[in-house]
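Structure at a glance
Letter by letter, the chains look like this.
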Amino acid sequence: MLKVTDLHAGYGGSEVLHSISLNVQEGEAVVILGPNGHGKTTLLRAISGLIRPTAGTVELDGKVISALPAEEIVAAGVIHIPQGDLIFPEMTVLENLLMGAYRAAAWQERSQKVERVFHLFPVLGQRKSQLGRSLSGGERRMLALGRGLMGQARILMIDEPSLGLAPLIIENLYETIKEINRSGLTVLLVDENADHIAGLANRVYLLESGVLVREGSADAMLRDEALLAAYLG
Ligand SMILES: Nc1ncnc2c1ncn2[C@@H]1O[C@H](COP(=O)(O)OP(=O)(O)OP(=O)(O)O)[C@@H](O)[C@H]1O
Ligand SMILES: [Mg+2]
(Lines give C-alpha, C1' and ligand atoms only; values in the text may rest on other atoms or scores of the structure.)
(Ligands and ions follow the chains in the order given, each with its own letter.)
Protein backbone atom coordinates (compact mmCIF):
# COMPACT_ATOMS: atom_id res chain seq x y z
CA MET A 1 0.00 0.00 0.00
CA LEU A 2 2.83 2.42 0.92
CA LYS A 3 5.96 1.87 -1.10
CA VAL A 4 9.18 3.83 -0.75
CA THR A 5 11.83 3.26 -3.40
CA ASP A 6 15.44 4.42 -3.36
CA LEU A 7 14.60 7.52 -1.33
CA HIS A 8 17.29 10.11 -0.58
CA ALA A 9 16.61 13.14 1.60
CA GLY A 10 18.33 15.56 3.96
CA TYR A 11 18.67 19.19 4.92
CA GLY A 12 20.47 21.81 2.87
CA GLY A 13 23.32 20.06 1.16
CA SER A 14 23.71 17.25 3.66
CA GLU A 15 22.05 13.95 2.93
CA VAL A 16 20.57 12.13 5.94
CA LEU A 17 18.72 9.27 4.22
CA HIS A 18 20.57 7.17 1.69
CA SER A 19 18.60 4.98 -0.66
CA ILE A 20 15.72 3.94 1.60
CA SER A 21 13.37 1.29 0.21
CA LEU A 22 10.51 -0.08 2.27
CA ASN A 23 6.92 -1.15 1.97
CA VAL A 24 3.90 -1.31 4.23
CA GLN A 25 0.97 -3.57 3.36
CA GLU A 26 -2.62 -2.71 4.06
CA GLY A 27 -3.54 -3.43 7.69
CA GLU A 28 0.04 -3.96 8.82
CA ALA A 29 1.82 -2.30 11.73
CA VAL A 30 5.41 -1.71 10.67
CA VAL A 31 8.00 -0.34 13.08
CA ILE A 32 11.24 1.37 12.14
CA LEU A 33 13.78 1.14 14.93
CA GLY A 34 16.83 3.35 15.02
CA PRO A 35 19.03 5.19 17.48
CA ASN A 36 18.89 8.95 18.15
CA GLY A 37 19.74 11.13 15.21
CA HIS A 38 19.89 8.36 12.61
CA GLY A 39 17.09 9.73 10.44
CA LYS A 40 13.76 8.33 11.70
CA THR A 41 11.99 11.68 11.86
CA THR A 42 13.57 12.73 8.58
CA LEU A 43 12.12 9.63 6.94
CA LEU A 44 8.58 10.39 8.11
CA ARG A 45 9.01 14.01 7.02
CA ALA A 46 10.16 12.93 3.56
CA ILE A 47 7.17 10.60 3.20
CA SER A 48 4.68 13.24 4.31
CA GLY A 49 6.20 15.94 2.08
CA LEU A 50 7.42 18.18 4.89
CA ILE A 51 10.83 17.95 3.28
CA ARG A 52 11.43 17.16 -0.39
CA PRO A 53 13.22 13.92 -1.20
CA THR A 54 16.23 14.65 -3.42
CA ALA A 55 15.73 11.33 -5.22
CA GLY A 56 13.46 8.31 -5.13
CA THR A 57 9.71 7.88 -4.92
CA VAL A 58 6.93 7.34 -2.43
CA GLU A 59 3.83 5.56 -3.73
CA LEU A 60 0.47 5.14 -2.08
CA ASP A 61 -1.80 2.50 -3.62
CA GLY A 62 0.37 2.52 -6.74
CA LYS A 63 0.27 6.30 -7.23
CA VAL A 64 3.40 8.38 -6.84
CA ILE A 65 2.75 10.94 -4.09
CA SER A 66 6.29 12.16 -3.50
CA ALA A 67 5.92 15.04 -5.96
CA LEU A 68 2.73 16.34 -4.32
CA PRO A 69 2.57 19.23 -1.82
CA ALA A 70 2.28 18.10 1.82
CA GLU A 71 -1.35 19.21 1.89
CA GLU A 72 -2.26 16.79 -0.90
CA ILE A 73 -0.32 13.97 0.69
CA VAL A 74 -2.51 14.43 3.78
CA ALA A 75 -5.55 14.51 1.52
CA ALA A 76 -4.43 11.18 0.05
CA GLY A 77 -4.62 9.73 3.57
CA VAL A 78 -1.05 9.82 4.84
CA ILE A 79 -1.38 11.26 8.34
CA HIS A 80 1.82 12.11 10.20
CA ILE A 81 1.77 12.45 13.97
CA PRO A 82 4.97 14.35 14.73
CA GLN A 83 7.44 13.75 17.51
CA GLY A 84 6.85 15.75 20.70
CA ASP A 85 3.84 17.62 21.95
CA LEU A 86 2.58 19.47 18.91
CA ILE A 87 -0.88 20.57 19.94
CA PHE A 88 -2.58 23.97 19.93
CA PRO A 89 -2.11 25.17 23.53
CA GLU A 90 -4.72 27.95 23.39
CA MET A 91 -7.46 25.75 21.97
CA THR A 92 -9.58 23.32 23.92
CA VAL A 93 -9.19 19.57 23.61
CA LEU A 94 -12.27 19.40 21.40
CA GLU A 95 -11.06 22.26 19.18
CA ASN A 96 -7.69 20.57 18.85
CA LEU A 97 -9.42 17.40 17.70
CA LEU A 98 -11.58 19.26 15.19
CA MET A 99 -8.43 20.74 13.62
CA GLY A 100 -7.65 17.19 12.52
CA ALA A 101 -10.94 17.03 10.59
CA TYR A 102 -10.56 20.23 8.61
CA ARG A 103 -10.91 18.55 5.22
CA ALA A 104 -14.48 18.38 3.94
CA ALA A 105 -14.85 14.59 3.94
CA ALA A 106 -13.60 14.27 7.50
CA TRP A 107 -15.59 17.30 8.70
CA GLN A 108 -18.88 15.64 7.79
CA GLU A 109 -18.03 12.73 10.06
CA ARG A 110 -16.52 14.78 12.87
CA SER A 111 -19.07 13.83 15.53
CA GLN A 112 -18.58 10.09 15.10
CA LYS A 113 -14.82 10.60 14.96
CA VAL A 114 -14.79 12.63 18.17
CA GLU A 115 -16.85 9.91 19.87
CA ARG A 116 -14.39 7.28 18.71
CA VAL A 117 -11.42 9.27 20.03
CA PHE A 118 -13.17 9.73 23.39
CA HIS A 119 -13.84 5.99 23.45
CA LEU A 120 -10.15 5.24 22.82
CA PHE A 121 -8.95 7.95 25.22
CA PRO A 122 -11.66 8.51 27.86
CA VAL A 123 -9.52 11.12 29.62
CA LEU A 124 -9.79 13.37 26.57
CA GLY A 125 -13.56 13.20 26.81
CA GLN A 126 -13.39 14.22 30.46
CA ARG A 127 -11.17 17.15 29.52
CA LYS A 128 -12.79 18.18 26.25
CA SER A 129 -13.36 21.81 27.32
CA GLN A 130 -9.93 22.24 28.89
CA LEU A 131 -7.21 24.20 27.09
CA GLY A 132 -4.46 22.19 25.46
CA ARG A 133 -1.80 23.87 27.56
CA SER A 134 -3.35 22.55 30.77
CA LEU A 135 -2.89 18.90 29.76
CA SER A 136 -0.19 16.60 31.13
CA GLY A 137 2.50 15.24 28.81
CA GLY A 138 0.70 11.93 28.39
CA GLU A 139 -2.62 13.62 27.70
CA ARG A 140 -0.98 15.83 25.06
CA ARG A 141 0.40 12.76 23.33
CA MET A 142 -3.08 11.20 23.38
CA LEU A 143 -4.51 14.41 21.95
CA ALA A 144 -1.94 14.47 19.14
CA LEU A 145 -2.80 10.86 18.33
CA GLY A 146 -6.50 11.56 18.58
CA ARG A 147 -6.18 14.50 16.20
CA GLY A 148 -4.48 12.17 13.73
CA LEU A 149 -7.52 9.88 13.94
CA MET A 150 -9.87 12.71 13.02
CA GLY A 151 -8.77 12.76 9.38
CA GLN A 152 -9.45 10.21 6.64
CA ALA A 153 -6.26 8.24 7.27
CA ARG A 154 -5.21 5.40 4.99
CA ILE A 155 -1.99 5.13 6.96
CA LEU A 156 -1.06 6.62 10.32
CA MET A 157 2.63 7.48 10.74
CA ILE A 158 3.57 7.92 14.38
CA ASP A 159 6.90 9.40 15.49
CA GLU A 160 8.15 8.07 18.85
CA PRO A 161 4.93 8.14 20.85
CA SER A 162 6.71 7.05 24.04
CA LEU A 163 9.24 9.86 24.21
CA GLY A 164 9.50 11.30 27.72
CA LEU A 165 6.46 9.55 29.19
CA ALA A 166 6.07 7.43 32.32
CA PRO A 167 6.06 3.63 31.80
CA LEU A 168 2.40 3.11 32.70
CA ILE A 169 1.27 5.83 30.31
CA ILE A 170 3.48 4.41 27.57
CA GLU A 171 1.92 0.97 28.07
CA ASN A 172 -1.60 2.38 27.71
CA LEU A 173 -0.63 4.39 24.66
CA TYR A 174 0.80 1.36 22.87
CA GLU A 175 -2.24 -0.71 23.82
CA THR A 176 -4.39 1.94 22.16
CA ILE A 177 -2.18 2.01 19.06
CA LYS A 178 -2.61 -1.78 18.87
CA GLU A 179 -6.36 -1.36 19.11
CA ILE A 180 -6.30 1.27 16.36
CA ASN A 181 -4.31 -1.07 14.13
CA ARG A 182 -6.57 -4.03 14.91
CA SER A 183 -9.55 -1.96 13.90
CA GLY A 184 -8.01 -1.97 10.40
CA LEU A 185 -5.87 1.15 10.16
CA THR A 186 -2.39 0.69 8.74
CA VAL A 187 0.37 1.98 11.04
CA LEU A 188 3.98 2.99 10.40
CA LEU A 189 5.69 3.81 13.68
CA VAL A 190 9.23 4.91 14.38
CA ASP A 191 10.85 4.23 17.70
CA GLU A 192 14.17 4.27 19.44
CA ASN A 193 13.78 1.03 21.30
CA ALA A 194 12.01 -2.27 21.02
CA ASP A 195 10.48 -2.24 24.51
CA HIS A 196 6.88 -1.73 23.46
CA ILE A 197 6.55 -3.15 20.01
CA ALA A 198 5.97 -6.83 20.85
CA GLY A 199 2.38 -7.65 19.99
CA LEU A 200 2.04 -4.52 17.88
CA ALA A 201 4.55 -4.78 15.04
CA ASN A 202 4.13 -7.23 12.18
CA ARG A 203 7.46 -6.28 10.68
CA VAL A 204 10.47 -4.29 11.80
CA TYR A 205 13.13 -2.35 9.88
CA LEU A 206 16.37 -1.18 11.44
CA LEU A 207 17.56 2.29 10.44
CA GLU A 208 21.20 3.09 11.09
CA SER A 209 22.99 6.18 9.82
CA GLY A 210 20.28 6.84 7.27
CA VAL A 211 20.34 3.31 5.85
CA LEU A 212 17.87 0.48 6.40
CA VAL A 213 20.25 -2.25 7.47
CA ARG A 214 17.78 -5.05 8.26
CA GLU A 215 14.18 -6.02 7.82
CA GLY A 216 12.27 -8.94 9.25
CA SER A 217 9.16 -10.21 10.96
CA ALA A 218 8.74 -8.76 14.43
CA ASP A 219 8.76 -12.30 15.88
CA ALA A 220 12.13 -13.12 14.38
CA MET A 221 13.65 -9.76 15.23
CA LEU A 222 12.45 -9.90 18.83
CA ARG A 223 14.12 -13.31 19.26
CA ASP A 224 17.47 -11.91 18.16
CA GLU A 225 19.55 -11.47 21.32
CA ALA A 226 22.11 -9.13 19.78
CA LEU A 227 19.42 -6.92 18.37
CA LEU A 228 17.57 -6.81 21.66
CA ALA A 229 20.74 -5.92 23.52
CA ALA A 230 21.15 -2.94 21.22
CA TYR A 231 17.52 -1.88 21.13
CA LEU A 232 16.04 -2.48 24.55
CA GLY A 233 15.78 0.66 26.67
N1 LIG B 1 15.78 20.74 10.50
C2 LIG B 1 16.99 20.20 10.39
N3 LIG B 1 18.01 20.85 9.78
C4 LIG B 1 19.25 20.30 9.64
N5 LIG B 1 19.56 19.07 10.09
C6 LIG B 1 18.60 18.37 10.71
C7 LIG B 1 17.26 18.89 10.88
N8 LIG B 1 16.53 17.97 11.54
C9 LIG B 1 17.35 16.92 11.74
N10 LIG B 1 18.58 17.15 11.25
C11 LIG B 1 19.73 16.21 11.28
O12 LIG B 1 19.37 15.03 10.58
C13 LIG B 1 19.89 13.88 11.24
C14 LIG B 1 18.75 12.92 11.52
O15 LIG B 1 17.82 13.52 12.41
P16 LIG B 1 16.41 12.90 12.75
O17 LIG B 1 15.67 13.92 13.51
O18 LIG B 1 15.80 12.39 11.51
O19 LIG B 1 16.83 11.68 13.66
P20 LIG B 1 15.93 10.72 14.56
O21 LIG B 1 16.34 9.34 14.24
O22 LIG B 1 14.51 11.08 14.42
O23 LIG B 1 16.44 11.07 16.04
P24 LIG B 1 15.63 11.09 17.44
O25 LIG B 1 15.54 9.68 17.89
O26 LIG B 1 16.51 11.90 18.33
O27 LIG B 1 14.30 11.74 17.19
C28 LIG B 1 20.59 14.38 12.47
O29 LIG B 1 21.96 14.43 12.20
C30 LIG B 1 20.02 15.78 12.69
O31 LIG B 1 20.97 16.61 13.30
MG1 LIG C 1 13.11 11.76 15.69
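In case you missed it, the structure is sitting above this.
Presented here is a report on the structure given in the accompanying data block. (Residues numbered from 1 in each chain as written. Chains lettered and ligands numbered in written order. Predicted model: local features only at pLDDT ≥ 70, side-chain atom pairs only at ≥ 80, totals over all residues.)

Attention now goes to the site of ligand 1. For ligand 1, the full set of nearby residues is Tyr 11, Val 16, Gly 34, Asn 36, Gly 37, His 38, Gly 39, Lys 40, Thr 41, Thr 42, Gln 83 and Glu 192. The residue makeup of the shell around ligand 1, split by class, is 2 nonpolar, 8 polar and 2 charged. (Near = placed C-beta within 6 Å. Nonpolar A, V, L, I, M, F, W, Y, C, P; charged D, E, K, R; others polar.)

A few words on helix H7 (residues 137–148). Every α-helix winds through 3.6 residues per turn, so residues three or four apart in the chain are directed the same way. The first and last C-alpha atoms of H7 sit 17 Å apart over 12 residues, in line with the 16 Å expected at 1.5 Å per residue. The element H7 is largely enclosed, with a buried count of 10 among its 12 residues. All of the buried residues along H7 are Glu 139, Arg 140, Arg 141, Met 142, Leu 143, Ala 144, Leu 145, Gly 146, Arg 147 and Gly 148. Looking at the buried residues of H7, the elements they touch are strand E6 (78–81), helix H3 (93–99), helix H5 (110–120), helix H6 (122–126), strand E7 (155–159) and helix H8 (167–182). (Helix = DSSP H or I, 4+ residues; strand = E, 2+ residues; numbered from the N terminus. Expected span 1.5 Å × (residues − 1). Buried ≥ 20, exposed ≤ 12 C-beta atoms within 10 Å, placed from the backbone. Contact = placed C-beta atoms within 7 Å.)

A positive phi angle, near 50 degrees, is found at Asp 6, a position not held by glycine. Structurally, Asp 6 is set in strand E1 (residues 2–11). Phi at Ser 19 takes a positive value of approximately 50 degrees, unusual for a residue other than glycine. Looking at the secondary structure, you find Ser 19 in strand E2 (residues 14–24). Residue Ser 19 is classed as partly exposed on the basis of its 14 C-beta neighbours within 10 Å.

No statement about biological role is implied by the geometric values presented.
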